[in-house]
Structures are given as C-alpha cells and as structure tokens.
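Given next are the chains, with one letter for each unit.
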Amino acid sequence: MNYWLFKSEPSDYSFDDLINDKETPWEGIRNYQARNFIRDKVQVNDNILFYHSNIKTPHVVGIAKVSSEAYPDYYAFDKSNKYYDPKSTKENPRWFMIDVQPVKKLNKIVTLEDIKNNTNLKDMVLVNRSRLSIQPVTKQQWEMIINMSS
DNA sequence: GCCAACGTTGGC
DNA sequence: GCCAACGTTGGC
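On a predicted model such as this, the values are computed, not experimentally measured, just so you know. (Residues numbered from 1 in each chain as written. Chains lettered and ligands numbered in written order. Predicted model: local features only at pLDDT ≥ 70, side-chain atom pairs only at ≥ 80, totals over all residues. Heavy atoms only, no water.)

1. Let's talk about the nonpolar core
At step 1: The biggest cluster of nonpolar side chains holds 22 residues, and the ones touching the most others in it are F6, W26, I98 and I134.
At step 2: Listed by contribution, the elements that provide at least two residues to this core are β1 (3–8), α1 (15–21), α2 (32–41), β3 (47–52) and β4 (59–66).
At step 3: Leaving out residues up to four positions away in the same chain, I134 has contacts with W4, L5, F6, W26, I29, A34, F37 and I38.
At step 4: In this structure, Y3, L121, V137 and M148 belong to the second largest nonpolar core, which totals 17 residues. (Core = buried A, V, L, I, M, F, W, Y, C linked by side-chain atoms within 4.5 Å. Buried < 20%, exposed > 50% of the residue type's maximum accessible area, 1.4 Å probe, protein only. Helix = DSSP H or I, 4+ residues; strand = E, 2+ residues; numbered from the N terminus. Contact = heavy atoms within 4.5 Å.)

Listed below in structure tokens is the structure:
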C-alpha cells in the first residue's frame, strides 16, 4: 500500500469535481518522473492526498484512491486534443493514465503553510521539490496530515 | 502578474 | 553529449 500526493489546479479540476464525477482518468501527465510513478509504482487502492495548487492558499483538500492499473493515455493519440503527442504511439505509448475515485473530503483543509510550519513534514517532496505533480508520501507524513485535518 | 526553479528541446 | 534557449509550474 502506497501513499501519494496528486496536484490539480481547482480551476481545472477540483476535488468537488471528482466527487461529482465519482471517478476520473488522471489525464495529461506529461512529465517523465510523474509518468514513471504512475506506470511503475502506483497500484490499485493506493491512497492519494488531493492537493489544490496554483491558488492563493494552496492546500490538501481531500482523500482519493487509485481505481485502475496504468493504461496508455489515449489523449496523446488524439490530434485534436491539447494533450496530443505525436511521439506517443499505440505500439509504443509514451504517456500513461490511471483512474482515481474520491474517498472523502477532509474536515479541514491542510494548507501548504501548515505543512511548512510542521517540522515533522520538512522532508515532504511538496516542500522540497514543489513542482512535481505526482509525488510519493510516507506513511508517517500521511498520518500527520490526516491528524492535522481533523 | 511576476519570476525562480527546473524540465525539455534542439543546434552544434 | 553539452548547454543555451525556451516553456511550464506554482508560490508569492
């Protein structure tokens, strides 16, 4: 069982959108490190912290879970899609997706500031390599953030 | 809206 | 294979 943090811009796709949709393909991963995580490491039922980025107060907003194995990102094959990538083919796909489902909204959001102010969380990837959009979270970090959200 | 950090591209 | 140029992310 692994723990992850997935970032999304709420104007693009928010946690409430996920609750409404019940499930969504996590589309548009175009970064090799993030791709490697979802292709090689992410497993069905892994836990996800859903993070709202690129807003005034960035924060963890909810818990989600992985609901599919990785599969080729079909948007990369679609010329009319903004995620089209001519270098990704059906024979040799470059990009992958997984599906995610909502689990629950946190009672209270945990802001980036809260996380930065907690010395137990100083090693979080979010703090040190903030640009990575899919990042591993340790069990200890996961539990700490869940504690902070109640 | 700015800009630092950093990932990717492509010429050489 | 280096590295300059360029594009994107995301906090502030």
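So that's the structure; there's more coming.
2. Some thoughts on α2
At step 1: Taken together, the buried positions of α2 are occupied by A34, R35, F37 and I38. Burial along α2 is one-sided: seen end-on, the buried residues are contained in an arc of 160°.
At step 2: Here α2 starts with a cap whose side-chain oxygen sits 3.1 Å from the backbone nitrogen of Q33, and that cap is N31. (Arc of directions from axis to C-beta. Polar contact = N/O pair within 3.5 Å; in protein donor to acceptor, adjacent residues only side chain to side chain.)

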